[in-house]
Amino acid sequence: MKCPYCGEEDTRVIDSRPADDNTSVRRRRQCDKCSRRFTTYEKVESIPLYVIKKDNTRVPYDRDKIQSGILRSCHKRPVSVEQISSLVDEIEAAIFNREEKEIKTSEIGEMVMDKLKDFDSVAYVRFASVYREFRDVGTFVAEIAKLLEVNK
């Protein structure tokens, strides 16, 4: 494994353990040249998954797209990176547990909104406003009213 700090190719594993989700292995490594430490994760390679976009084009699944959408919706919220990563892990597990080769972006969006609704209501409304393409303030108010009704 190449050191992300100095580029040296000789690094060694100093600790190895299952990651929080028990589907990957977390390895602490140390560079032999600069002595800096870093973490890597090893996951089982799964079946290739394609995402069907609104225009019916198909693109390879990319975890980073889900994570960046959630990060944007949680901007300036009291949410840690670890919590977001855990949330993305849950969504990704649900996607791959379906054992299908394709999934629609609408299905992924609904999964994200379901998780965000219980996780952080402000992040949920932010995500929903982009995902559902809210056009006016009335749509925001209606969505917030639904959220308040559920939380009673």
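What comes next is a walk through the structure.

**Overview of the side chain of Glu143**
Phase 1 of the analysis: As for its position among the elements, Glu143 is in helix α5 (residues 137–150).
Phase 2 of the analysis: Among all residues touching Glu143, those that are not within four sequence positions of it are Tyr124, Arg132 and Phe134.

**Section: the layout of surface pockets**
Phase 1 of the analysis: Considered as a void within the structure, the largest pocket measures approximately 660 Å³ in volume.
Phase 2 of the analysis: Every residue lining the largest pocket is counted, 22 residues in all, and those nearest its centre are Lys65, Arg72, Thr105, Phe127 and Tyr131.
Phase 3 of the analysis: The element that contributes the greatest number of residues to the lining of the largest pocket is helix α1 (residues 63–73), accounting for six residues.
Phase 4 of the analysis: The residue makeup of the lining of the largest pocket, split by class, is 10 nonpolar, five polar and seven charged.
Phase 5 of the analysis: Residue lining of the second largest pocket: 16 residues in total, with Asp20, Tyr41, Ser85, Ser86 and Asp89 positioned closest to the centre.
Phase 6 of the analysis: Those elements giving two or more residues to the lining of the second largest pocket turn out to be β1 (11–18), β2 (24–31), β3 (37–43), α1 and α2 (81–97).
Phase 7 of the analysis: Ranked by the residues each element gives to the lining of the second largest pocket, the list is headed by α2, at five residues.
Phase 8 of the analysis: Split into classes, the residues belonging to the lining of the second largest pocket amount to four nonpolar, four polar and eight charged.

**Brief notes about the nonpolar core**
Phase 1 of the analysis: Among the nonpolar cores identified, the biggest contains 25 residues, and Ile66, Ile70, Ile91, Ile95, Val112 and Leu116 are the most heavily contacted of them.
Phase 2 of the analysis: Mapped by element, the contributors of at least two residues to this core are α1, α2, α3 (105–119) and α4 (121–131).

**Some thoughts on the side chain of Asp120**
Phase 1 of the analysis: Looking at the secondary structure, you find Asp120 in the loop between α3 and α4.
Phase 2 of the analysis: Given the relative accessible area of 8%, Asp120 is considered buried.
Phase 3 of the analysis: Engagement of the side chain of Asp120 in a polar contact is seen with the backbone nitrogen of Val122, the distance being 3.2 Å.
Phase 4 of the analysis: Those residues within four positions of Asp120 in sequence are excluded, and the remaining contacts are Arg77 and Val79.

**As for the pairing of β2**
Phase 1 of the analysis: As paired elements, β1 and β2 share seven bridges and run antiparallel to each other. Counterpart to Pro18 in the pairing with β2 is Val25.
Phase 2 of the analysis: Linkage of β1 to β2, two consecutive antiparallel strands, is achieved through a turn of five residues, within which Asn22 is found at a positive phi near 60°.
Phase 3 of the analysis: The pairing of β2 with β3 spans seven bridges and is classified as antiparallel. Along β3, the bridge assignment pairs Arg29 with Phe38.
Phase 4 of the analysis: Count of turn residues in the β2/β3 antiparallel hairpin: five residues, of which Ser35 carries a positive phi of about 65°.

The rules we used
- Residues numbered from 1 in each chain as written.
- Predicted model: local features only at pLDDT ≥ 70, side-chain atom pairs only at ≥ 80, totals over all residues.
- Heavy atoms only, no water.
- Helix = DSSP H or I, 4+ residues; strand = E, 2+ residues; numbered from the N terminus.
- Contact = heavy atoms within 4.5 Å.
- 1 Å grid on protein atoms, 1.4 Å probe; cavity = no way out; pocket = protein on both sides within 12 Å on 5 of 7 lines; lining within 4 Å.
- Points joined across faces, edges and corners; volume = space filled by probe spheres on them.
- Nonpolar A, V, L, I, M, F, W, Y, C, P; charged D, E, K, R; others polar.
- Core = buried A, V, L, I, M, F, W, Y, C linked by side-chain atoms within 4.5 Å.
- Buried < 20%, exposed > 50% of the residue type's maximum accessible area, 1.4 Å probe, protein only.
- Polar contact = N/O pair within 3.5 Å; in protein donor to acceptor, adjacent residues only side chain to side chain.
- Pairing = 2+ DSSP bridges.

Limitation: the analysis is restricted to geometry and does not speak to function.
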